Amino acid sequence: MTLEEQIADRLSAVDIFAPLSTEELRQLAAATVGHVFAPGETLIRAGDEGSSMFVVHNGRVQVQVSDNGTARPVAVLTEGNFFGEMALFTGEPRTASVVAIEETEVLEIGHDAMKHIFETNPDLAESISWTIAERRASLAAGSQQVAQASIEESAGLLSTIKRFFGLR
């Protein structure tokens, strides 16, 4: 299996990319950049600008939010987990910091790589906005208004994604 095939295989297991065809996954894999981080190294910092997302290829990272200036761990992500998708799809600043727990390899998917795929498959923006809205809703689960909020949020996300990528 070539490196590109390994990357495409990893990306195919990421729910946000489920709507992509095999060819689109291959294109995305070709445009993906790998990075290796040492234990304790910061991958992204809350508040930073960014227009890419990351998939953990191997290793583990800790997601931290600032709680009155103190870093508070909220999640540990492992192989196949992803983070930073809001920055990639909407250009929003990073909402959390992510630090490597052990030596970790991540795959970075940038704005240009996604833009190319959206241009060839404009319907993709809609399915990705649904996936992101569902992911956010499951984090805030338990509310009666989740389904309606999810529909409204998906529509809002879709327009934000389209605007950020210059789609009609």
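Residues numbered from 1 in each chain as written. Predicted model: local features only at pLDDT ≥ 70, side-chain atom pairs only at ≥ 80, totals over all residues. Heavy atoms only, no water.

A. Looking closely at the confidence of the model for the chain. Mean pLDDT over the chain: 87, with 90% of residues reaching 70 or higher. Long-range and interchain partners of residues 142–146, a stretch whose pLDDT sits below 50, account for two contacts in this model, where long-range means more than four residues apart. (pLDDT = per-residue confidence, 0-100. Contact = heavy atoms within 4.5 Å.)

B. A look at the packing of helix α2 (residues 22–31) against helix α4 (residues 111–120). As a packed pair, α2 and α4 sit with axes 9 Å apart at the nearest point and diverge in direction by 160°. It follows from the interaxial angle that α2 and α4 lie roughly antiparallel. Helix-helix and strand crossings are classified by hand; for α2 and α4 the assignment is right-handed. Touching Glu24, Gln27, Leu28 and Ala31 of α2 are Ala113, Met114, His116, Ile117 and Thr120, all from α4. Of the residues belonging to the contact of α2 with α4, the class tally is five nonpolar, three polar and one charged. (Axes fitted to C-alpha atoms, helices over the stretch in contact; angles between N-to-C directions. Helix = DSSP H or I, 4+ residues; strand = E, 2+ residues; numbered from the N terminus. Parallel < 35°, antiparallel > 145°, perpendicular 65-115°, else oblique. Left-handed = near helix turned anticlockwise from the far one by under 90°. Nonpolar A, V, L, I, M, F, W, Y, C, P; charged D, E, K, R; others polar.)

C. Expanded view of the sheet that holds strand β6 (residues 82–83). Spatial ordering of the open sheet is given by β1-β8-β3-β6, a layout of four strands whose pairing is antiparallel. Two strands lie at the open edges of the sheet, namely β1 (33–37) and β6, each paired on one side alone. In this structure, strand β3 (residues 52–58) lies alongside β6, joined through two bridges in antiparallel fashion. Bridge pairing in β6 links Phe54 to Phe83. Relative to β3, helix α1 (residues 3–12) is tilted by about 105°, and along the sheet it contacts β3 and β8 (104–110). (Pairing = 2+ DSSP bridges.)

D. Highlighting the pattern of salt bridges. Applying the stated criterion to the full structure yields six salt bridges. One salt bridge in this structure joins Glu4 and Arg26, with 3.2 Å as the shortest N-O distance. Placement of the pair is Glu4 in helix α1 and Arg26 in helix α2, with a sequence separation of 22 residues. The closest approach of N and O atoms between Glu79 and Arg10, which form a salt bridge, is 3.4 Å. Taken together, the positions of Glu79 in the loop between β5 (70–77) and β6 and Arg10 in helix α1 put the pair 69 residues apart, joining distant regions of the chain. (Salt bridge = Lys/Arg side-chain N within 4 Å of Asp/Glu carboxyl O.)

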